[in-house]
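Here's the letter readout for the chains.
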Amino acid sequence: MTGVQTCALPICEKEILERDGHHCRFCGIPVVRKEVRDRLRKAYPKTLQWGTKNQEQHAAFQALWVQYDHVIPHARGGRTTLDNMVITCAPCNYGRMNYLLEEVDLILPDVRSSEAYMWDGLERILKQNT
C-alpha cells in the first residue's frame, strides 16, 4: 500500500484522540486515557479503585477506559495506520474482539470535528498541579 503511513502507538494516540474527540466511535460514550484515570486514582484512592481483576476496578472508569482499536482487526491483517485506528470504549473494543464491523453489524460513523465536542477526556486534570 503506497501512501498509507503506519503509525506507532503511542506516538499517534494524541492525533487519534483529537480526531475522534475523546468519544467512542461506535457508541459515542466519552472516554478517558489511563494517565487521567491514574491521576484521579492517586487523588481519590478509596473512591477510584483499580486492581487487576474486573471486580477490583471502578465500573464507570472501566467503561470509560479509552482503547485504540483497529477498524480491520490487527489479527485479521489490519495495519496500524491512522485511517485504520479509532477510539473506542473498553466495552465496544472487547465486545467486538477480532470481528469485522459487518460481522457484528456495526457501522463506523463519520468522524465529527473534535471542536463539536465539549468533552476533553478530563485532560485538564493532567494540567493541574498535584
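Being a predicted model, the structure only gives us computed values, none of them experimental.

Enquirer: Would you take a moment to explain the environment of Y99 for this structure?
Expert: One can find Y99 in the loop between α4 (90-96) and α5 (124-127). On the basis of relative accessible area, Y99 is assigned to the partly exposed category, the value being 45%. Sequence-wise, Y99 and R76 are 23 residues apart; in three dimensions their C-alpha atoms are separated by 8.3 Å. Leave out the neighbours within four places in its chain, and Y99 touches P73, R76 and V104.

Enquirer: Please explain the environment of M85 as it appears in this structure.
Expert: Here M85 shows up in strand β2 (residues 85-89). Residue classification places M85 among the buried positions, given a relative accessible area of 0%. Distance from M85 to C12, taken between C-alpha atoms, is 9.6 Å for residues 73 residues apart in sequence. Not counting chain neighbours up to four residues away, the residues in contact with M85 comprise L9, I16, R19, Y68, D69, H70, V71 and T80.

Enquirer: Got a minute to help me understand the state of the cysteines in this structure?
Expert: A covalent bond bridging the sulfur atoms of two cysteines is what the word disulfide describes. Counted under the stated rule, the structure contains 0 disulfides. The cysteine C24 is free of any disulfide, with C92 supplying the nearest cysteine sulfur at 3.8 Å. Between C92, a free cysteine, and C89, which holds the nearest cysteine sulfur, the sulfur-to-sulfur gap is 3.6 Å. Judged by its relative accessible area of 19%, C92 falls in the buried class.

Enquirer: Is there a simple way to explain helix α1 (residues 13-20) in this structure?
Expert: In an α-helix, one turn spans 3.6 residues; hence positions three or four apart end up facing the same way. E13, I16, L17 and D20 are the residues of α1 that are buried. When α1 is viewed along its axis, its buried side chains cluster within an angular range of 100° and face the same direction. Against β1 (66-70) and β2 lie the buried residues of α1. G21 lies just past α1 and shows a positive phi near 70°.

Rules and cut-offs
Residues numbered from 1 in each chain as written. Predicted model: local features only at pLDDT ≥ 70, side-chain atom pairs only at ≥ 80, totals over all residues. Heavy atoms only, no water. Helix = DSSP H or I, 4+ residues; strand = E, 2+ residues; numbered from the N terminus. Buried < 20%, exposed > 50% of the residue type's maximum accessible area, 1.4 Å probe, protein only. Contact = heavy atoms within 4.5 Å. Disulfide = S-S within 2.5 Å. Arc of directions from axis to C-beta.

Spatial relationships are all this shows, so hold off on functional conclusions.
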